[in-house]
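# A closer look at the structure
Here are the chains, one letter per residue:
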Amino acid sequence: MNQRAEPSRYDAFDLLATMVAVLQPDGTLLFVNAMFEDVAGLSRRTLMRSSLFDWFVDAHQLRETVAAVRRNEIATGRFESVMRRAPVAAHDQLPVHVIVTQIEHGSDRVLVEMLEIEQQTRQDREERALGQVQANKELIRNLAHEIKNPLGGIRGAAQLLEMEIGHPQGRPKEDLPPRGAAAAGGVGALNPRELTEYTQVIIHEADRLQALVDRLLAPHRKPHVVSDVNIHEVCERVRSLILAEFPRGLAVQRDYDISIPDFRGDREQLIQAVLNIAHNAAQALQQRIADGDAVLILRTRVSRQVTIGKQRFRLALELHIEDNGPGVPEDIRDRIFYPLVSGRDGGSGLGLTLAQTFVQQHQGMIECDSEPGRTTFRIVIPLP
């Protein structure tokens, strides 16, 4: 008769950032830790109805190692294998390093620890990304200020010039020479109406650059307004805005974990961050929207023992924004969070940069996983 292990006996395993399972020699799970729950996306109660062997693409080596440890032929077995993220899924596989150990001499319980092979690589990548973001923020701030100062002078000079050339003040419009009448004489021969048009171009372009600079500086100017935030209210606001702009051909699906608690944050900043990502996704889905089969998914989950920028958090919110579009172009995939990098004609290249800035102001991070037919942006924010 199988006896389930007392959870309190293994509580310490929930503090680990690796997957841990306690099982019987036949693979029956007696305990799984919080990280295993996160990777599997299933509750501990559900997992303990399955066999660990079912979670491996090829469980032959695991079976043999568990049996050898159980028979005391070896103290510990180590090997590399491939797990499934769902017991019946052939796709979405996870390469792992497996360590099999007997819990105590004479016991029929075996401890199996599974370490993601890419985990360290991902952490290194995250640390480099955080450093790059800080460098980008300083560069943007300094560059924006350098552009901003002469812009004011250019616009003011254009306005003064417009006044000097006598834009119909005291001179009836009908008295002005026709456009182009003196063009052959060079710039000096241009009539006041044409000169005014040129000054208007200067003023308009100066205003356009000023608006761009303001957007670059916006995250550094706006105060961080902290209040209680419900992530699902944020998602619903974004969902309504996206559907208002794309009312036909796009399905925005919800997949919420309603148990996620409120947390302290800036609601407007988070709405803007999620909206920027979702809006980019919707624009990338234009062809599928035309075909009527575009899908955008907003998914929320809770992760445990999450490391962000060398800091460990017991709980974290995960918000996935997933679409079935063509994917991020490969040539910019590693640079999509850099300012002024865009995969779309006419794009400003600031949406993802601002989204990353807003999320980082909540001690969080954004990751992107993209391939043709599926792109997922994952926002991770620590929970209390």
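Rules used throughout
- Residues numbered from 1 in each chain as written.
- Predicted model: local features only at pLDDT ≥ 70, side-chain atom pairs only at ≥ 80, totals over all residues.
- Heavy atoms only, no water.
- Helix = DSSP H or I, 4+ residues; strand = E, 2+ residues; numbered from the N terminus.
- Buried < 20%, exposed > 50% of the residue type's maximum accessible area, 1.4 Å probe, protein only.
- Contact = heavy atoms within 4.5 Å.
- Polar contact = N/O pair within 3.5 Å; in protein donor to acceptor, adjacent residues only side chain to side chain.
- Expected span 1.5 Å × (residues − 1).
- Core = buried A, V, L, I, M, F, W, Y, C linked by side-chain atoms within 4.5 Å.
- Pairing = 2+ DSSP bridges.
- Axes fitted to C-alpha atoms, helices over the stretch in contact; angles between N-to-C directions.
- Parallel < 35°, antiparallel > 145°, perpendicular 65-115°, else oblique.
- Left-handed = near helix turned anticlockwise from the far one by under 90°.
- Salt bridge = Lys/Arg side-chain N within 4 Å of Asp/Glu carboxyl O.
- Nonpolar A, V, L, I, M, F, W, Y, C, P; charged D, E, K, R; others polar.

### So, the overall build of the protein chain
Assigned secondary structure in the protein chain consists of 9 helices and 12 strands. By residue count, 43% of the 384 residues in the protein chain fall in the buried class. In the protein chain, the share of contacts with a sequence separation of at least 24, taken over all contacts with a separation of at least 6, comes to 62%.

### Side note on the environment of Met114
With respect to the element layout, Met114 can be found in strand β5 (residues 110-116). Along the chain, Met114 and His97 lie 17 residues apart, while their C-alpha atoms are 5.6 Å from each other. Beyond its immediate sequence surroundings of up to four residues, Met114 is in contact with Thr18, Met19, Val20, Ala21, Phe36, Leu52, Phe56, Met83, Val96, His97 and Val98.

### A word on the side chain of Glu367
Tracing the chain through its elements places Glu367 in strand β11 (residues 365-371). Using a relative accessible area of 18% as the deciding quantity, one classes Glu367 as buried. A polar side-chain atom of Glu367 sits 2.4 Å from a polar atom in the side chain of Arg378.

### Re helix α7 (residues 267-284)
Between the first and last C-alpha of α7 there are 26 Å, a value that for 18 residues agrees with the 26 Å anticipated at 1.5 Å per step. Counting buried positions along α7 yields 13 of 18 residues, so the element is predominantly enclosed. Sitting at the head of α7, Asp266 places a side-chain oxygen 3.2 Å from the backbone nitrogen of Glu268.

### Comments concerning the nonpolar core
If you look at the biggest cluster of nonpolar residues, it comprises 44 residues, and the most contacted ones within it are Ile242, Leu250, Ile321 and Ile379. The set of elements that each furnish at least two residues to this core consists of α6 (231-245), β7 (250-255), α7, β9 (294-308), β10 (311-323), α9 (351-360) and β12 (374-382). No other element matches α7, which puts 9 residues into this core. When residues no more than four places from it in sequence are discounted, the contact partners of Ile379 are Val274, Ile277, Leu317, Glu318, Leu319, Ile321, Val359, Met365 and Ile366. One finds Leu23, Phe36, Val39 and Val112 within the second-largest nonpolar core, a separate group that totals 27 residues.

### As for the sheet that holds β11
Strand order across the open sheet formed by 5 strands is β7-β9-β10-β12-β11, with mixed pairing between neighbours. Of all strands in the sheet, those bounded by a partner on one side alone are β7 and β11. Neighbour to neighbour, the strand axes of the sheet diverge by 20° on average, direction disregarded. As judged from the 12 bridges shared by β9 and β10, these two strands associate in the antiparallel manner. Among the inter-strand pairings, Arg299 is bridged to a residue of β10, identified as His320. α6 contacts β7, β9 and β10 of the sheet and is inclined by roughly 175° relative to β7.

### What about the packing of α6 against α7?
Here α6 crosses α7 at 40°, and the two axes come no closer than 9 Å. As summarised for this structure, α6 and α7 are arranged oblique, according to the angle between their axes. Two packed elements cross with a definite hand, and for α6 against α7 that hand is right-handed. Taking contact as the criterion, the partners of Glu233, Val234, Arg237, Val238, Leu241, Ile242 and Glu245 in α6 are, on α7, Arg267, Glu268, Leu270, Ile271, Val274, Leu275, Ala278, His279 and Ala282.

### Considering the sheet that holds strand β4 (residues 93-102)
Strand order across the open sheet formed by 5 strands is β2-β1-β5-β4-β3, with antiparallel pairing between neighbours. In this open sheet, the two edge strands, each paired with only one partner strand, are β2 (29-32) and β3 (76-84). Across the sheet, the mean angle separating the axes of adjacent strands is 25° when strand polarity is ignored. Here strand β1 (residues 19-23) runs beside β2; their pairing, made up of 3 bridges, is antiparallel. Paired with Val22 across the bridge in β2 is Phe31. Across the face of the sheet, helix α3 (residues 60-70) comes into contact with β1, β3, β4 and β5 while running at roughly 10° to β4.

### Side note on the pattern of salt bridges
Summed over the entire model, instances satisfying the criterion amount to 15 salt bridges. Residue Glu268 is joined to Arg267 by a salt bridge in which the shortest nitrogen-to-oxygen separation is 3.5 Å. In this structure, Glu322 engages Arg299 in a salt bridge whose closest nitrogen and oxygen atoms are separated by 3.1 Å. In this pair, Glu322 sits in strand β10 while Arg299 sits in strand β9, placing the two residues 23 residues apart along the sequence. Of the two residues, Glu322 and Arg299, both sit in the buried class.

### Describing the side chain of Asn33
With respect to the helices, strands and loops of the structure, Asn33 is situated in the loop between β2 and α1 (34-40). Not counting chain neighbours up to four residues away, the residues in contact with Asn33 comprise Phe13, Asp14, Leu16, Thr18, Met19, Val20 and Arg44.

### Structural notes on α9
Counting buried residues along α9, 10 of its 10 residues qualify, which places the element largely inside the surrounding structure. Every buried residue of α9 is listed here: Gly351, Leu352, Thr353, Leu354, Ala355, Gln356, Thr357, Phe358, Val359 and Gln360.

### Things to note about the packing of α7 against α9
A packed helix pair is summarised by two numbers, namely the angle formed by the two axes and the spacing between the axes. Axis separation between α7 and α9 bottoms out at 8 Å; the angle between their running directions is 145°. The chirality of how α7 crosses α9 is left-handed. Together, Gln269, Gln272, Ala273, Asn276, Ile277 and Asn280 of α7 and Gly351, Leu352, Leu354, Ala355, Phe358 and Val359 of α9 make up the contact between the two elements. Residues belonging to the contact of α7 with α9 are distributed by class as follows: 7 nonpolar, 5 polar and no charged.

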